[in-house]
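# Chains, contacts and geometry: an overview
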Amino acid sequence: MWGGVGKSRRMICSLITQAPLFLAYYRSSPSIYKPKPSNCLHRFSSGFLGPISSPSIRAFCLRPGEVGGMASPLQNQGSISYLTQREAAEVDETLMGPLGFSVDQLMELAGLSVATSIAEVYKPSEYNRVLTICGPGNNGGDGLVAARHLYHFGYKPFVCYPKRTPKPLYSGLVTQLECLSVPFLSADELSVDLSKDFDILVDAMFGFSFHGTPRPPFDDLIQKLVHLRNYEQVQQKSPVIVSIDIPSGWHVEEGDVGAEGIKPDMLVSLTAPKLCAKKFSGPHHFLGGRFVPPTIAEKYKLQLPQYPGTSMCVRIGKPPQIDISALRENYISPALLEEHLEADPMDQFHKWFEDAVAAGLKEPNAMALSTTGKHGKPSSRMVLLKGVDKDGFVWYTNYESRKAHELSENPHASLLFYWDGLNRQVRVEGSVQKVSDEESEQYFHSRPRGSQIGAIVSKQSTIVTGRHVLHQLYKELEEKYPEGSLIPKPKHWGGYRLHPERFEFWQGQQSRLHDRLFTSTLLL
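Since we're looking at a predicted model, the values are computed, not measured. (Residues numbered from 1 in each chain as written. Predicted model: local features only at pLDDT ≥ 70, side-chain atom pairs only at ≥ 80, totals over all residues. Heavy atoms only, no water.)

Counted at 1.5 Å a residue, the expected span for helix 6 (residues 168-179) with its 12 residues is 16 Å, and the 16 Å between its end C-alpha atoms agrees. The complete set of buried residues in helix 6 reads Y170, L173, V174 and L177. Summarising the axial view, the buried residues of helix 6 lie within an arc of 100°, below the 170-degree limit, and thus occupy one face. Here the buried face of helix 6 lies against helix 4 (103-121), helix 5 (138-152), strand 3 (156-160) and strand 4 (184-185). Phi for S181, located one or two positions after helix 6, is positive at around 60°. (Helix = DSSP H or I, 4+ residues; strand = E, 2+ residues; numbered from the N terminus. Expected span 1.5 Å × (residues − 1). Buried < 20%, exposed > 50% of the residue type's maximum accessible area, 1.4 Å probe, protein only. Arc of directions from axis to C-beta. Contact = heavy atoms within 4.5 Å.)

So, in structure tokens, the structure goes:
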């Protein structure tokens, strides 16, 4: 028997660190822009040509001092060095002269830095369509490289490159993008209002070496970016502008003279920020181009933020303050109707679980287990589902842990599966009992050898003096049980099975009008 439940509030706190990763739903490209046929031979399988997921991108770009998700205080913008136009030119000449860098090397590093900076802030699931407007010089080359990397990061790039440079380096960059079927658009093909067709606009027209007044068609393209702010008043969501090194049309040292130029949301300074960057008032300022050797830093007395780990970009200044109350998602999902559900809730669970696996979500078997002891104080933790059949849901743990003690006092629990990429969650409530010793034994010996030793070493819910204690015990057990020998299952370790008595299937919908259908096995 199925029943409906009214509007619910999204559960966040207990799930956010372990919840499956976002699955990007890419919006279709503007219908007026058709990719041109590619002349490239696709020698590789489709698996090598597809986009990678956004979590991989984060490894390239971290905040100052951030390692493994732990961030130290950010760089003080006042302590950063800024280059004049002459100094910037001298640094480039030194890099490509006595220091042996080539233009294509610097361009590749710069473009990768731009792409990783964009991916750090604007996720492809929300900001998918990217138009890169490239000028005829090195700044335009940086934009072409960035577009290529953005493709591999899972974005849908478009390129406007109206004044192509006939040099082999640039022709090669164009060919690389054409091999990926990235559409090239003329300036005339662009709409007056770019907000209708794109989510991100990358300004790669002019760099620090530009002098004078922009000529056609770049003068008109710059005005299109300027006028975007006028459309913001009527658009619910306006595309963001990302400028590479110098916002096009700005004076390299004095900035936006007259306050009538582009006002980017993100500025990615390369090598070192130029003086005009002091006038940048947008929310996101990054430094990219991790190739400044100590000799140049010493010569120009450069004070630059440290690049943490292997990152290719680093934030300058503090990130914008987040209003937690404004964080929300407006889900777009197919309706969850009673007539579409399987008659048996276990069959419906299997169906949704298979969808989560097929979607490539990380650890779709992760579930929040909530227990309550005799004092009525609930506790929750993430565990992994290791078996599911007509008799219920199985997981394994230490029988001396807190959850085990609470289950011994109150053998009832609830499970919560949260599949964020599909806007779905499933709640299951029921009675709990231990699985048989034979079942626990069989599963224990199916685990990797390291996990078997870890189960013996780890005394859950107890206090140890440090990790060195665990490592020492682990080493001793490795020596005691050499490769190929049978590791005995500890008596304090085994499985539990929750026999479901109530299911609730939740599908996120727009305007918080979520679908919730429940059934009780006690009524079947």
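To continue, consider a nonpolar patch on the surface. A surface patch of nonpolar side chains, amounting to about 370 Å² of accessible area, comprises I322, I324 and L327. Along the chain, I324 turns up in the loop between strand 9 (313-315) and helix 9 (345-358). (Patch = residues over 30% accessible without salt bridge, like charges linked within 9 Å, V, L, I, M, F, W, Y side chains within 5 Å. Areas by Shrake-Rupley, 256 points an atom, 1.4 Å probe, with all protein chains shown as cover. Salt bridge = Lys/Arg side-chain N within 4 Å of Asp/Glu carboxyl O.)

Below, the discussion takes up the pairing of strand 14 (residues 412-419). Within strand 14, six of the eight residues are buried, which leaves the element mostly enclosed by the surrounding structure. Bridge count between strand 10 (residues 366-372) and strand 14: four bridges; the pairing is antiparallel. When the bridges of strand 14 are listed, S370 appears paired with S414. Here strand 14 runs beside strand 15 (residues 424-434); their pairing, made up of eight bridges, is antiparallel. Residue W419 lies in a different strand from strand 15, and its bridge partner there is R424. Hairpin remark: strand 14 followed by strand 15, antiparallel, with four residues in the connecting loop; positive phi at N423, about 60°. (Pairing = 2+ DSSP bridges.)

Attention shifts here to the pattern of salt bridges. Scanning the entire structure with this criterion turns up 15 salt bridges. Of the charged contacts in the structure, one is a salt bridge between K274 and D245, with a shortest N-O distance of 2.8 Å. On the criterion of sequence distance, the pair formed by K274 in the loop between strand 7 (266-270) and strand 8 (284-288) and D245 in the loop between strand 6 (240-244) and strand 7 is long-range, its members being 29 residues apart. Where salt bridges share partners, they join R427, E429, R502, E504 and R516 into one cluster.

Within this structure, the stated rule accounts for 22 aromatic pairs. Plain terms: the ring middles of F206 and F210 are 4.1 Å apart, the flat faces sit at 25° to each other, and that makes the pair stacked. Overall, F206 belongs to the buried group, its relative accessible area being 9%. Relative to W493, the ring of Y443 has its centre 6.2 Å away and its plane inclined at 10°; by these criteria the two rings are stacked. Separated by 50 residues along the polypeptide, Y443 in helix 11 (residues 437-444) and W493 in strand 16 (residues 493-507) bring together distant segments of the chain. (Phe/Tyr/Trp six-rings, centres within 6.5 Å; stacked < 30°, edge-to-face > 60°.)

Here we come to the packing of helix 4 against helix 6. In the contact formed by helix 4 and helix 6, the axes pass within 11 Å of each other and the chain directions differ by 35°. The two elements helix 4 and helix 6 cross, and the hand of that crossing is right-handed. Every residue of helix 6 that contacts helix 4 at V103, D104 and M107 is listed here: L169, Y170 and L173. Looking at the contact of helix 4 with helix 6 residue by residue, the class counts come to five nonpolar, no polar and one charged. (Axes fitted to C-alpha atoms, helices over the stretch in contact; angles between N-to-C directions. Left-handed = near helix turned anticlockwise from the far one by under 90°. Nonpolar A, V, L, I, M, F, W, Y, C, P; charged D, E, K, R; others polar.)

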